[in-house]
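# Close look at the chain arrangement
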Amino acid sequence: MIAFYADDVDLPRLRKRTVRRWIEDVAERYQKEVGDICYQFVNDDRILQTNQDFLDHDYYTDIITFDETKDNVIAGDIMISVDTVRSNADQYDLNYDEELHRVIIHGILHLCGLKDETDEDEAVMHRAEDEALAMLREEVGEDESLLDE
């Protein structure tokens, strides 16, 4: 089951059925099945506190993935700061909808085993994100919003 929650922010207006199907399709490309995945959308204060409490990091991030994958069944909690996603989109002149979905699938790719610790890992991760976003765009349509309106 893939669930979406918000804590002190508005829940993004995701096309939930489409996003769930997309996540399952991406996982299948890595020979994985989807188990319980919980997305929690939060603000910068909450993600900073989580970084400090659980990872000993004293900085903001757009995503934290807590991996509970067992064998070929991906599972875990994925925390996304909508504040950081929005500021990254603004800073790099990116479309917010696409950046949000890039971060959503980034967590899934981590659960599928991809890393982003080295420059080489980052390049592989970025290509995988681009491929996954292309899959979503094909599903939704190039000119359509990725968010439910």
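The following paragraphs examine the structure supplied in this document. (Residues numbered from 1 in each chain as written. Predicted model: local features only at pLDDT ≥ 70, side-chain atom pairs only at ≥ 80, totals over all residues. Heavy atoms only, no water.)

## Some points on the environment of His57
- In this structure, His57 sits in the loop between helix H2 (44–55) and strand E3 (63–67).
- Leaving out residues up to four positions away in the same chain, His57 has contacts with Leu48, Asn51 and Gln52. (Helix = DSSP H or I, 4+ residues; strand = E, 2+ residues; numbered from the N terminus. Contact = heavy atoms within 4.5 Å.)

## Things to note about a negative patch on the surface
- A grouping of Asp36, Asp67, Glu68 and Asp77 is seen on the molecular surface, where their side chains present a negatively charged patch.
- Position of Asp77 among the secondary structure elements: in strand E4 (residues 73–81). (Patch = residues over 30% accessible without salt bridge, like charges linked within 9 Å, V, L, I, M, F, W, Y side chains within 5 Å. Areas by Shrake-Rupley, 256 points an atom, 1.4 Å probe, with all protein chains shown as cover. Salt bridge = Lys/Arg side-chain N within 4 Å of Asp/Glu carboxyl O. Lys, Arg positive; Asp, Glu negative; His and termini not counted. Charge placed at Lys NZ, Arg CZ, Asp CG, Glu CD.)

## Some points on the side chain of Asn43
- Mapped onto the elements, Asn43 comes out in the loop between strand E2 (33–42) and H2.
- Judged by relative accessible area, Asn43 falls into the buried class, the value being 17%.
- At 3.2 Å, the side chain of Asn43 forms a polar contact with the backbone nitrogen of Asp45.
- Within the structure, the side chain of Asn43 is placed 2.9 Å from the backbone nitrogen of Arg46, a separation counted as a polar contact.
- Leaving out residues up to four positions away in the same chain, Asn43 has contacts with Asp7, Asp8, Val9, Ser81 and Asp83. (Buried < 20%, exposed > 50% of the residue type's maximum accessible area, 1.4 Å probe, protein only. Polar contact = N/O pair within 3.5 Å; in protein donor to acceptor, adjacent residues only side chain to side chain.)

From the geometry alone we can't say anything about function, so treat these as descriptive.
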